[in-house]
Every structure is written in structure tokens, then in C-alpha cells.
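# Analysis of the macromolecular model
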Amino acid sequence: NPVTVNGTMSASTDVDYFKVSLPAGKTLAAVLAPNASSDYDLYIENATGTVLAKSENGTGAADSASAKNSGTTATTVHVRVKHYGGGTGATNGKYTLKLSF
């Protein structure tokens, strides 16, 4: 913690999921930086798929979202990166996702 993931959107239908164990009382902060010609969206969801936070900024813009675990035990959340528009593939589909709590 923190961790940086270098990801790639392989196709326009691509969705990447990252499972995070969020300790009690901590807030997960996620920042998604797409390449300059792409629009990818960021979601934080609980284990049942309910969206806890989201960011859907435009092409080339960074997205950021956060979610707090108010409970007394660790919980699992999923960070989802979804292709909305723009580049895909090894060269044009790159993004960086920073996670911290």
C-alpha cells in the first residue's frame, strides 16, 4: 500500500476487475489515469456488485473515487475499470490505476 497497476484495455468490450481487501476503518482511494486518447471509467463496488463510488470523466482525463469501510472487520471491494471510448490494445489501450488506503 499504495500499489500501482499498469493495465491494458485489450478490446472495446474489455472490463478489468481488481479485488481489494479493505481493512476496517480505512478508505480506499483509487485514481485511474488513461492514455491521452482514451476514455475509461472507474467504479468501486462491494462484493455483491453495488456501486459504492464511481468516476466517469472524459477522454484523457483522470478518474478518482473512494470508498470507506465503516465496519469493524475487513471487507472485500472490487475496483472496476471499464472501456468507454478510445484506444485499445498493447499500444493504445494502456492505463495506470493507483490504489491506496
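Now for a quick tour of the structure. Computed from a predicted structure; not experimentally measured. (Residues numbered from 1 in each chain as written. Predicted model: local features only at pLDDT ≥ 70, side-chain atom pairs only at ≥ 80, totals over all residues. Heavy atoms only, no water.)

### Here's the deal with the nonpolar core
- Counting residues in hydrophobic clusters, the biggest one holds 19 residues, and the most contacted among them are Leu28, Ile44, Val79, Val81, Tyr95 and Leu97.
- If you list the elements that add at least two residues to this core, you get strand S2 (15–22), strand S3 (27–34), strand S4 (39–46), strand S6 (63–68), strand S7 (75–85) and strand S8 (94–100).
- Look past the residues within four positions of Leu28 in its chain and what remains in contact with it is Val20, Leu22, Ile44, Ala65, Ser66, Ala67, Val77, Val79, Leu99, Ser100 and Phe101. (Core = buried A, V, L, I, M, F, W, Y, C linked by side-chain atoms within 4.5 Å. Buried < 20%, exposed > 50% of the residue type's maximum accessible area, 1.4 Å probe, protein only. Helix = DSSP H or I, 4+ residues; strand = E, 2+ residues; numbered from the N terminus. Contact = heavy atoms within 4.5 Å.)

### Concerning the pairing of S6
- Only one face of S6 is buried, namely the one carrying Asp63, Ala65 and Ala67, since none of Ser64, Ser66 and Lys68 on the opposite face is buried.
- Direction of pairing for S3 relative to S6: antiparallel, over a ladder of six bridges. Of the residues in S6, the one forming a bridge with Leu32 is Asp63. (Pairing = 2+ DSSP bridges.)

### Side note on the packing of aromatic side chains
- All chains considered together, the criterion is met by one aromatic pair.
- Taking the centre distance of 6.0 Å and the plane angle of 75 degrees together, the rings of Tyr40 and Tyr95 count as edge-to-face. Separated by 55 residues along the polypeptide, Tyr40 in strand S4 and Tyr95 in strand S8 bring together distant segments of the chain. Tyr95 matches Tyr40 in its accessibility class, with the two residues each being buried.
- Against the face of Tyr43 rests Arg80, its NZ or CZ located 4.2 Å from the ring centre. (Phe/Tyr/Trp six-rings, centres within 6.5 Å; stacked < 30°, edge-to-face > 60°. Lys NZ or Arg CZ within 6 Å of the ring centre and 35° of its normal.)

### Section: the pairing of strand S5 (residues 51–55)
- Sheet topology places S4 next to S5; four bridges connect them, and they run antiparallel. Residue pairing across strands places Glu45 opposite Val51, the latter belonging to S5.
- Linkage of S4 to S5, two consecutive antiparallel strands, is achieved through a turn of four residues, within which Gly49 is found at a positive phi near 95 degrees.

### Section: the sheet that holds S2
- Read across the open sheet, the four strands follow the order S2-S7-S4-S5; overall the sheet is antiparallel. The outermost strands of the open sheet, each flanked by one partner alone, are S2 and S5. Averaged over all adjacent pairs, the angle separating strand axes in this sheet is 20 degrees, with direction ignored. (Axes fitted to C-alpha atoms, helices over the stretch in contact; angles between N-to-C directions.)

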